[in-house]
Amino acid sequence: MSETLVYLDGEFVPKSKAVVSVFDHGFLYGDGIFEGIRCYGGNVFCLHEHIVRLYESAKSILLDIPLTIEEMEQAVVDTLQANGMADAYIRLIVSRGVGNLGLDPRSCARSSVIIITEALSLFPQAFYEQGLSIVTVPTRRNIPDALNPKIKSLNYLNNILVKMEAARAGVHEALMLNQDGYVCEGSGDNIFLVKNGKVITPPTYLGALEGITRNIVIELCAELGIPCEEKPFTRHDVYVADEVFLTGTAAEMIPVIDCDGRTIGNGQPGEMTQRLTEAFRGITHQRGTKVPELYTAVETV
Ligand code: PMP
């Protein structure tokens with residue numbers, strides 16, 4: 001099988017040769033930003049929204065991206081085409097670039113753009129049908145005044161610590177709380193509860209990424225006439241929820257059936273979760289940017 005091609009500063013390079021300098025500040029300091037995007041049947045789901053978020057992250061950390069938004073969108077499409085991948089997870093990285101060993105980013109002449117496309121299912125497939133067990137962990141979410149979780153920065157150590165604590169507890173995902181004990185999000189996904197027919201997700205100012213999948217779910221609730229609120233909640237509210245689910249580009253939508261050993265609802269993926277998941281799957285091939293030659297139209301549900 002031929003190697004995947006990686007977009008590296010405007011060139012397509014085989015995966016085994018796609019390398020960056022040890023003096024890149026993305027490597028030295030986590031100085032950079034990224035996006036995770038999915039392509040479904042040749043439709044890059046919410047490509048524009050992802051690229052806008054990328055440029056917002058860049059603005060926040062004073063990072064110049066050497067491409068316009070339109071050029072960046074085209075680079076993603078070109079990378080998928082170069083690889084002939086109609087279904088893929090896309091990792092788009094902009095690092096500060098090569099500099100000297102000091103922290104000062106002014107030593108980095110030019111930021112570096114990397115686009116990787118791979119097949120990815122974040123959790124084992126069975127959990128999407130049966131539901132996932134999760135835990136809450138001692139590590140708290142970065143406080144927004146230190147490093148705002150709304151910035152999708154390359155500095156993911158906070159999330160990695162949480163992921164390791166989940167693994168040590170024998171589960172695949174964990175929830176981060178903020179300094180006040182409010183639930184923020186998972187290590188790589190947003191959280192939703194369903195209680196008495198209402199869908200609830202934490203406001204992102206508590207310390208969470210403004211997930212694109214999260215925003216889509218909020219929109220789908222409005223379209224389906226399901227009440228949905230952004231409201232702070234605690235671990236207790238998770239334990240006593242009727243349903244819980246997680247959302248993310250990599251995670252997609254996944255039901256949660258246990259948190260810290262408390263069974264959620266009846267221990268099965270809930271009805272509302274299933275209804276919203278179906279609605280979500282119905283738009284993944286529609287909403288976004290079509291890749292010429294790779295797009296196959298599917299019937300809308
Ligand atoms: N929170 C965190 C910390 C994440 O890394 C992600 C994945 N990008 C999400 C939430 C979900 O965001 P999205 O739906 O935009 O992928």
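Residues numbered from 1 in each chain as written. Predicted model: local features only at pLDDT ≥ 70, side-chain atom pairs only at ≥ 80, totals over all residues.

- As annotated in an unreviewed UniProt entry, the protein chain carries the name Branched-chain-amino-acid aminotransferase and is attributed to Tumebacillus flagellatus.
- Under Function (unreviewed entry), UniProt gives the following word-for-word description of the protein chain: "Acts on leucine, isoleucine and valine."
- The annotation that UniProt attaches to the protein chain under Sequence similarities (unreviewed entry) is "Belongs to the class-IV pyridoxal-phosphate-dependent aminotransferase family." (UniProt positions renumbered as here; feature names shortened; annotations may be inferred.)

1. Details of the overall build of the protein chain
Here is step 1: Secondary structure summary: the protein chain contains eight helices and 16 strands in total.
Here is step 2: Computed over the C-alpha atoms, the radius of gyration of the protein chain is 19 Å, within 12% of the 19 Å expected from 2.2 N^0.38 for a compact globule of 301 residues.
Here is step 3: Taking the principal axes of its C-alpha atoms as reference, the protein chain extends roughly 55 × 50 × 35 Å.
Here is step 4: Long-range pairs, those at least 24 residues apart, make up 70% of the contacts in the protein chain with a sequence separation of at least 6. (Helix = DSSP H or I, 4+ residues; strand = E, 2+ residues; numbered from the N terminus. Rg over C-alpha atoms; globule rule 2.2 N^0.38 Å. Contact = placed C-beta atoms within 7 Å.)

2. A short note on the packing of helix 6 (residues 212-224) against helix 8 (residues 271-283)
Here is step 1: In the contact formed by helix 6 and helix 8, the axes pass within 10 Å of each other and the chain directions differ by 105°. When the axes of helix 6 and helix 8 are compared, the pair comes out roughly perpendicular. Every residue of helix 8 that contacts helix 6 at Ile216, Val217, Leu220 and Leu224 is listed here: Leu276, Ala279 and Phe280.
Here is step 2: Across the contact of helix 6 with helix 8, the residue classes break down as seven nonpolar, no polar and no charged. (Axes fitted to C-alpha atoms, helices over the stretch in contact; angles between N-to-C directions. Parallel < 35°, antiparallel > 145°, perpendicular 65-115°, else oblique. Nonpolar A, V, L, I, M, F, W, Y, C, P; charged D, E, K, R; others polar.)

3. Looking at the site of the ligand
Here is step 1: In the vicinity of the ligand, 14 residues are found, and the nearest of them are Gly211, Ile212, Thr213, Gly248 and Thr249.
Here is step 2: Within the residue set of the shell around the ligand, elements represented by two or more residues are helix 6 and strand 13 (243-248).
Here is step 3: If you tally residues by element for the shell around the ligand, the top one is helix 6, at three residues.
Here is step 4: Counted by class, the shell around the ligand contains two nonpolar, nine polar and three charged residues. (Near = placed C-beta within 6 Å.)

4. Points about unusual backbone geometry
Here is step 1: One non-glycine residue, Cys46, lies in the positive phi region at around 50°.
Here is step 2: Here Cys46 lies in the loop between strand 4 (43-45) and helix 2 (47-60).
Here is step 3: The backbone of Leu62 shows a phi angle near 55°, a positive value even though the residue is not glycine.
Here is step 4: As for its placement among the helices and strands, Leu62 is situated in the loop between helix 2 and helix 3 (69-83).

5. Overview of helix 8
Here is step 1: Here helix 8 contains 13 residues, and its C-alpha end-to-end distance of 19 Å stays within 8% of the 18 Å for a straight helix at 1.5 Å per residue.
Here is step 2: Along helix 8, the positions that sit buried rather than exposed are Thr273, Leu276 and Thr277. In an axial view of helix 8, the angular spread of the buried residues amounts to 105°, which keeps them on one side of the axis. Seen from the open side of helix 8, the exposed residues pointing more than 90 degrees away from its buried face are Glu271 and Glu278.
Here is step 3: Along its buried surface, helix 8 packs onto strand 10 (190-195), helix 6, strand 13 and strand 14 (252-259). (Expected span 1.5 Å × (residues − 1). Buried ≥ 20, exposed ≤ 12 C-beta atoms within 10 Å, placed from the backbone. Arc of directions from axis to C-beta.)

6. Considerations on the environment of Asn155
Here is step 1: Following the sequence through the fold, Asn155 ends up in the loop between strand 7 (132-136) and helix 5 (157-168).
Here is step 2: Spatially, the C-alpha atoms of Asn155 and Glu223 are 36 Å apart, while their sequence positions differ by 68 residues.
Here is step 3: Excluding residues that lie within four positions of it along the chain, Asn155 makes contacts with Gly30 and Leu147.

7. Some details on the confidence of the model for the protein chain
Here is step 1: Put simply, the protein chain has an average pLDDT of 96, and 99% of its residues get 70 or more.
Here is step 2: Scored as a complex, the prediction yields pTM 0.96 and ipTM 0.99. (pLDDT = per-residue confidence, 0-100.)

8. Topic: the sheet that holds strand 1 (residues 5-8)
Here is step 1: The strand order across the open sheet formed by seven strands is 2-1-6-5-3-4-16, and the pairing between neighbours is antiparallel. Edge positions in the open sheet fall to strand 2 (11-14) and strand 16 (288-290), since each of these has one partner strand only. Pairs of neighbouring strands in the sheet enclose a mean axial angle of 25°, with direction left out of account.
Here is step 2: Strand direction decides the pairing type here: strand 5 (residues 88-95) and strand 6 (residues 112-118), joined by seven bridges, are antiparallel. Considered in strand 6, the bridge of Val94 is made with Val113. (Pairing = 2+ DSSP bridges.)

9. With respect to helix 3
One turn of an α-helix holds 3.6 residues; hence residues three or four places apart share an orientation.
Here is step 1: Between its first and last C-alpha, helix 3 extends 22 Å over 15 residues, near the 21 Å set by a 1.5 Å rise per residue.
Here is step 2: Packing partners of the buried residues in helix 3 comprise strand 1, strand 3 (32-40), strand 4, helix 2, strand 5 and strand 6.
Here is step 3: Downstream of helix 3 by one or two residues, Gly84 has phi in the positive range, about 60°.

10. Concerning the environment of Asn196
Here is step 1: Assignment of secondary structure puts Asn196 in the loop between strand 10 and strand 11 (198-201).
Here is step 2: Classification of Asn196 by C-beta neighbours within 10 Å gives exposed; the count is 8.
Here is step 3: Along the chain, Asn196 and Asp242 lie 46 residues apart, while their C-alpha atoms are 7.2 Å from each other.

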